[in-house]
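# Reading the structure
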Amino acid sequence: MSTEIQDYKKVGDQASQEMLIKATGDCVDTCFDRYETQKNHCKFGTTGVCCRICHMGPCRITARSPLGVCGADADTIVARNYLREVVGGTAAHSDHGRHLVLRLKKVAQGNGNGYTIKDEKALRYNAKLYGIEEAGRTKQEVALDLVELFLGEFSSQEETLKTLTLAPEKRQGVWSNLEVTPKGIDRTVVEAMHRTTMGVDHDYKSLLMHAFRTALADGWGGSRVATIVSDILFGTPKPIKSEANLGVLKEANINILIHGHEPALSEMLAVAVQSPDVKEYAKKAGANGITLAGLCCTANEILMRHGVPVAGNFLQQELAIITGAVEMMVIDVQCCMPSLPKVAEKYHTEIISTAEIAKTVGASHVELNEDTPLESAKELIKRAIDNFKNRDASKVSIPKATSSMVAGFSVDAIKYMLGGTFRASFRPLNDAIIANRIFGVVGIVGCSNPNCELENYTNVLTKELIKRNVLVLKTGCAAIASGKAGMMKPEIGIEMAGAGLREVCETVGIPPVLHMGSCVDNCRILEAASELVFEGGLGDDLAGLPAVGVAPEWMSEKAIAIGSYFVASGVDVILGNPFYTSGSENVVKFLNEDTKELFGASFHDCADPMEAADLIMEIIGEAREKLGINKKAERKLYDMQDRRDLDV
Ligand code: NFS
Ligand code: SF4
């Protein structure tokens, strides 16, 4: 077995290794196998110089053929491809946001059918942020006004996005001076497709500036709207305990996995699974109970609000089926591999697609009945229970590995942890940063990718940063990696943290690695960064904060959009693997250098986690120097070093 494990050294965690070995025995192909057959990637693709925008091509740029048929050069082609990737990511996050706004509209009109405004406080707080009168009005009235405003964020043709005004004023000025303030989200996305079609925008700088404009429409538009509305409909997350890794599946239970990104259906399933009739039905089928667990960002959404355990992240979706113990996998949108039904064929698992816009060959398609969503969620669960009898016990092997974790750190929850109900504020965090007990704040986000050892970069970097007194904020699959590695258990995380960070975490009662949610919730990281600015003492802009973003193992277009809105917001971003832009020196220089002049932040490529840690310390150190807070950490007590320094 150990030699077999070595074959899978690209997978660090034991649970995934065990399932990959089982996959070989069961003759199942996974993305890890397919990566091997695909990995001699076409250089035209990886350098970004392949253009198939019109049918005079495809054109590929080389030293001997430096221009496409139309005359487009490498700069134009690479920039166009980059912008189209940002568009893909922005569209995904924003369409997700739109669905939630339409859901809130139904609820506010009295047609919620089981969905409600769960967090009225969040509704009223956000209405006020947008200048909507809320005092003395019903929550439905307020919600309808907010819905109208949010729908305008998508459809506005001439007015700029209102959500951008939630950013610090100085940043809004930077955007307006650079003319990258987006108009409506839909307009911005459509315009990007127009600009990149054959014969339109050919200046790489103009294309890249539209990429940043589009990304802002994501981070300060679609994503922020999605997060606000999720909090209103499903509740603003608060710290909650749970567990992560494949070991959350239970042999004696009906195991149902929810996978994808949009929380509406999974919220209903999380409620339905608690109902006594469903529990009774499971018992009758001979099971001990029902385990509902999540994958990818749907997992993060219901983990943050219900403590539903996480079976795994992106690269574990096939591995979860290979346990042989999953009765049903319910998928919605994004990051759900089309391979799932093929893997499931070898077992008894039923794959159920549920989103109108996302169908998968080999999956059964069941949409929630909008009139009776709770009933249809129950029916789905009963269908999974009915499938229990088809489970082949000889094919079942569930890895033991799980780790307990605490998630649920919305900005509101962090404020509360820092100051309690009456004095909820970021002041203690600002003070800890100014006093250098916390050196800085780093957001580690994004996917897992078979092009590198699963979760190694993420975990090595996270460990190193907390040791160096950097508070780490996490979302997406990177958050799940830390949960699995035990770093989100307050007691273990605190053990790993440097003295200053440890002191703060112990006083406040938080782990040094905070789970802030799904990928759409990356806007919570920007919200937290804005709070640091609003609180005072750390400058007046997001640029210049002692903060950095990292996407160590990213793979998705969504990650490109996220990285771009971080940079446009003034936060430096380190990439574990580079963009497909190396075919144009000008584009690389623009993204990695010129943006520093424009936005006050840029991209950095760094393939090694320890080097990334050093680079982060350097960037944060410079920011601290400029803020005039780069003094030695205050110490309350003399430690050994101080005693030696006393020189007596
Ligand atoms: Ni983000 Fe979440 Fe995971 Fe990557 Fe996919 S699940 S939206 S894209 S893979 S972090
Ligand atoms: Fe070739 Fe230009 Fe057409 Fe692209 S747009 S495929 S470079 S001719």
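Keep in mind the model is a prediction, meaning the values are calculated, not measured.

With that out of the way, let us pick up the overall build of the protein chain. Counting its secondary structure elements, the protein chain contains 27 helices and 16 strands. Over its C-alpha trace the protein chain gives a radius of gyration of 24 Å, about what one expects of a compact globule, namely 26 Å for 648 residues. The buried share of the protein chain, reckoned over its 648 residues, is 61%. Nonlocal contacts in the protein chain, meaning residues at least 24 apart in sequence, comprise 76% of its contacts between residues at least 6 apart. Accessible surface for the protein chain amounts to roughly 25,700 Å². Of this, 51% is attributable to carbon and sulfur atoms. In the protein chain, which carries 70 positive and 84 negative side-chain charges, the distance between the mean positions of the two groups comes to 2 Å.

It is worth spelling out the coordination of the nickel atom of ligand 1 at this point. Protein coordination of the nickel atom of ligand 1 is limited to a single donor, Cys519 (SG), positioned at 2.2 Å. Coordination at the nickel atom of ligand 1 comes from four donor atoms whose angles at the metal span 88 to 151°, giving a geometry best classed as irregular. With respect to the helices and strands, Cys519 occurs in the loop between strand 13 (513-515) and helix 23 (522-535).

On to the packing of helix 10 (residues 204-234) against helix 25 (residues 585-599), then. Interhelical geometry of helix 10 versus helix 25 gives an angle of 60° and a closest axis separation of 11 Å. As judged from the angle between their axes, helix 10 and helix 25 are oblique. Crossing angle aside, the handedness with which helix 10 passes helix 25 is right-handed. Along its contact with helix 10, which presents Tyr204, Lys205, Leu208, Met209 and Phe212, the element helix 25 presents Asn586, Val587, Phe590, Leu591, Thr595, Leu598 and Phe599.

Our next topic: the site of ligand 2. Ligand 2 sits among Cys51, Ile53, Cys54, Met56, Gly57, Cys59, Gly68, Val69, Cys70, Ile77, Arg80 and Met198. For the shell around ligand 2, the residue count by class is nine nonpolar, two polar and one charged. Of the residues that make up the shell around ligand 2, three or more belong to each of domain 1 (5-60) and domain 2 (74-234).

On to the side chain of Ser584, then. Assignment of secondary structure puts Ser584 in the loop between strand 15 (572-575) and helix 25. According to the relative accessible area criterion, Ser584 is buried, its value standing at 1%. Once residues lying within four places of it in the same chain are set aside, the contact partners of Ser584 are Ala74, Asp75 and Val78.

It is worth spelling out the side chain of Glu464 at this point. Within the fold, Glu464 resides in helix 19 (residues 456-467). Residue Glu464 is classed as buried on the basis of its relative accessible area of 10%. Reaching out from Glu464, the side chain makes a polar contact with the side chain of Arg468 at a distance of 2.9 Å. Setting aside anything within four residues of it in sequence, one finds Glu464 in contact with Met610 and Ala613.

Enumeration according to the criterion identifies nine aromatic pairs in this entry. Considering the side-chain rings of Phe212 and Phe599, the 5.0 Å spacing of their centres and the 50° angle between planes classify their relative orientation as tilted. Of this pair, Phe212 sits in helix 10 while Phe599 is found in helix 25, placing the two residues 387 residues apart along the sequence. The pair formed by Phe212 and Phe599 is uniform in burial state, with each residue classed as buried. Taken together, the ring pairs in this structure connect Tyr82, Trp554, Phe579 and Phe603 into an aromatic cluster. One residue, Arg60, lies across the ring of Phe44, its end atom 5.0 Å from the ring centre.

Of all 10 residues making up helix 11 (residues 263-272), nine are buried, and the element is well covered by its neighbours. Within the sequence span of helix 11, burial applies to Pro263, Ala264, Leu265, Ser266, Glu267, Met268, Leu269, Ala270 and Ala272.

Before going further, it helps to spend a moment on the site of ligand 1. Taken together, 13 residues form the shell around ligand 1, and within it His261, Cys297, Cys335, Cys477 and Cys519 come nearest. Among the secondary structure elements, those contributing two or more residues to the shell around ligand 1 are helix 13 (296-306) and helix 20 (476-484). Residues belonging to the shell around ligand 1 are distributed by class as follows: eight nonpolar, four polar and one charged. Counting contributing residues per domain, the shell around ligand 1 is built from domain 3 (246-395) and domain 4 (412-646), each supplying no fewer than three.

Our next topic: the pairing of strand 7 (residues 328-331). Burial along strand 7 is two-sided: Met328 and Val330 facing one way and Met329 and Ile331 facing the other are all buried. In this sheet, strand 7 lies alongside strand 4 (residues 254-259) in parallel orientation, the contact comprising four bridges. Bridge pairing in strand 7 places Ile256 opposite Met328. As paired elements, strand 7 and strand 8 (residues 350-353) share four bridges and run parallel to each other.

By way of backbone hydrogen bonds, the strands of a sheet pair with one another, either parallel or antiparallel. Ordered in space as 13-12-11-14-15-16, the six strands form an open sheet in which the pairing is parallel. In this open sheet, the two strands that pair with only one neighbour each are strand 13 and strand 16 (603-605). Here the average twist between neighbouring strands, direction ignored, is 25°. In this fold helix 20 packs onto strand 11 (440-444), strand 12 (470-474) and strand 13, with an angle of close to 120° to the strand it touches most, strand 12.

This paragraph deals with the environment of Asp95. The topology assignment puts Asp95 in helix 5 (residues 74-108). Classification of Asp95 by relative accessible area gives partly exposed; the value is 22%. When the C-alpha atoms of Asp95 and Asp186 are compared, they prove to be 9.3 Å apart, with 91 residues separating the residues in sequence. What Asp95 contacts, discounting residues up to four positions off in sequence, is Glu262 and Ile357. At 2.9 Å, the side chain of Asp95 forms a polar contact with the side chain of Arg98.

Conventions we followed
- Residues numbered from 1 in each chain as written.
- Chains lettered and ligands numbered in written order.
- Predicted model: local features only at pLDDT ≥ 70, side-chain atom pairs only at ≥ 80, totals over all residues.
- Heavy atoms only, no water.
- Helix = DSSP H or I, 4+ residues; strand = E, 2+ residues; numbered from the N terminus.
- Rg over C-alpha atoms; globule rule 2.2 N^0.38 Å.
- Buried < 20%, exposed > 50% of the residue type's maximum accessible area, 1.4 Å probe, protein only.
- Contact = heavy atoms within 4.5 Å.
- Areas by Shrake-Rupley, 256 points an atom, 1.4 Å probe, with all protein chains shown as cover.
- Lys, Arg positive; Asp, Glu negative; His and termini not counted.
- Charge placed at Lys NZ, Arg CZ, Asp CG, Glu CD.
- Donors = N, O, S within 2.8 Å, 3.2 Å for Na, K, Ca; no water.
- Tetrahedral: all angles 85-135°; square planar, octahedral: opposite > 155°, others 65-115°.
- Axes fitted to C-alpha atoms, helices over the stretch in contact; angles between N-to-C directions.
- Parallel < 35°, antiparallel > 145°, perpendicular 65-115°, else oblique.
- Left-handed = near helix turned anticlockwise from the far one by under 90°.
- Near = heavy atom within 4 Å.
- Nonpolar A, V, L, I, M, F, W, Y, C, P; charged D, E, K, R; others polar.
- Domains from an automatic or database assignment.
- Polar contact = N/O pair within 3.5 Å; in protein donor to acceptor, adjacent residues only side chain to side chain.
- Phe/Tyr/Trp six-rings, centres within 6.5 Å; stacked < 30°, edge-to-face > 60°.
- Lys NZ or Arg CZ within 6 Å of the ring centre and 35° of its normal.
- Pairing = 2+ DSSP bridges.

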